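Here are the chains, one letter per residue:
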Amino acid sequence: MIYIIDDFLSKKTFEIVRNNKEDFKEVKTPGKSFWVKEPSAEFIAHFEDRLEEIEGKEVMSIMAFFREAKKGQDNTWRIHNDTTINNQQPDRALVLYIKSPDDELNGTALWEHKKYGETFTEPDNPEEFNRLLKEDANDKSKWNLKSVIGFKPNRLISYPCEYFHSKYPNEFKGSRIVFVMFYKII
C-alpha cells in the first residue's frame, strides 16, 4: 500500500527544514553519485514517532538523508527498488518533498519492469538485481511508467521498498530537495 500525507510536518518545522543552508556533499557509489546531507538524530526520532502513530507498530529507521538533484547533478533515471539498504531489508521507504524547482509535473514515478512487473523480490538472485541496476535502470525501453505521485511541499509518501521507482523527471532545471528514509516495521 502507498500512502500520501500532506502537511506532514508542522509549518514551523517545515520552514526550518526548507531554509537549512547547509551544503550537500557528494557521496560516490559504484556507478552513481548522490548529493546528500545527514539529518539530526532528533529529526529521525521525530519521523519514527510520527510513523509509529500511522503504522500502529514500532518503526526503526535503517537509513535517512536529505537529497538534492539539479541540472547536471544526479540526472539519470536510475529506476530501481530498495530491497537492500545497509545490508538490511527495509519494509518501506518514504520521501518528504521539500523543494521543487519546476512548475511542470515532478515527483516520484512508479514503474513496471517489462519482465518482472512492479517488484523484484528474488533475494537469492543478487546477480540479477545488480544487473537490473547496471543495465536496465536507465533504459526506458525496459519499463512502463505506471504513475507519478506529484510534488507538493511538505507532502510525505510512503511505499513498500520492493516497488520499482525513480524521481520524476530525471533532470530538473533548478534544485530539487527531498528527505528520504528507509525503515522497518517491528
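So, here is what we can say about the structure in this document. These numbers come from a predicted model, not from an experiment.

### Here's the deal with the nonpolar core
- Counting residues in hydrophobic clusters, the biggest one holds 22 residues, and the most contacted among them are L9, F47, L94, L96, I98, F179 and M181.
- Mapped onto this core, the elements with two or more residues apiece are α1 (11-18), α2 (41-55), β4 (59-69), β5 (92-99) and β10 (176-185).
- Excluding residues that lie within four positions of it along the chain, F179 makes contacts with P39, F43, F47, A64, F65, F66, L94, V95, L96 and I98.

### Describing the pattern of salt bridges
- Across all of its chains, the model carries twelve salt bridges by this definition.
- The closest approach of N and O atoms between R18 and E15, which form a salt bridge, is 3.4 Å. Separated by three residues within a single helix, R18 and E15 lie in helix α1, roughly one turn from each other.
- E15 gets classed as partly exposed once you look at its relative accessible area, which sits at 33%.
- Where R67 meets D74, a salt bridge forms, and the shortest distance between an N and an O atom there is 2.7 Å. We note that R67, like D74, is buried.
- When salt bridges that share partners are traced, they join E128, R131, E135, D136 and K142 into one network.

Parameters at a glance
- Residues numbered from 1 in each chain as written.
- Predicted model: local features only at pLDDT ≥ 70, side-chain atom pairs only at ≥ 80, totals over all residues.
- Heavy atoms only, no water.
- Core = buried A, V, L, I, M, F, W, Y, C linked by side-chain atoms within 4.5 Å.
- Buried < 20%, exposed > 50% of the residue type's maximum accessible area, 1.4 Å probe, protein only.
- Helix = DSSP H or I, 4+ residues; strand = E, 2+ residues; numbered from the N terminus.
- Contact = heavy atoms within 4.5 Å.
- Salt bridge = Lys/Arg side-chain N within 4 Å of Asp/Glu carboxyl O.

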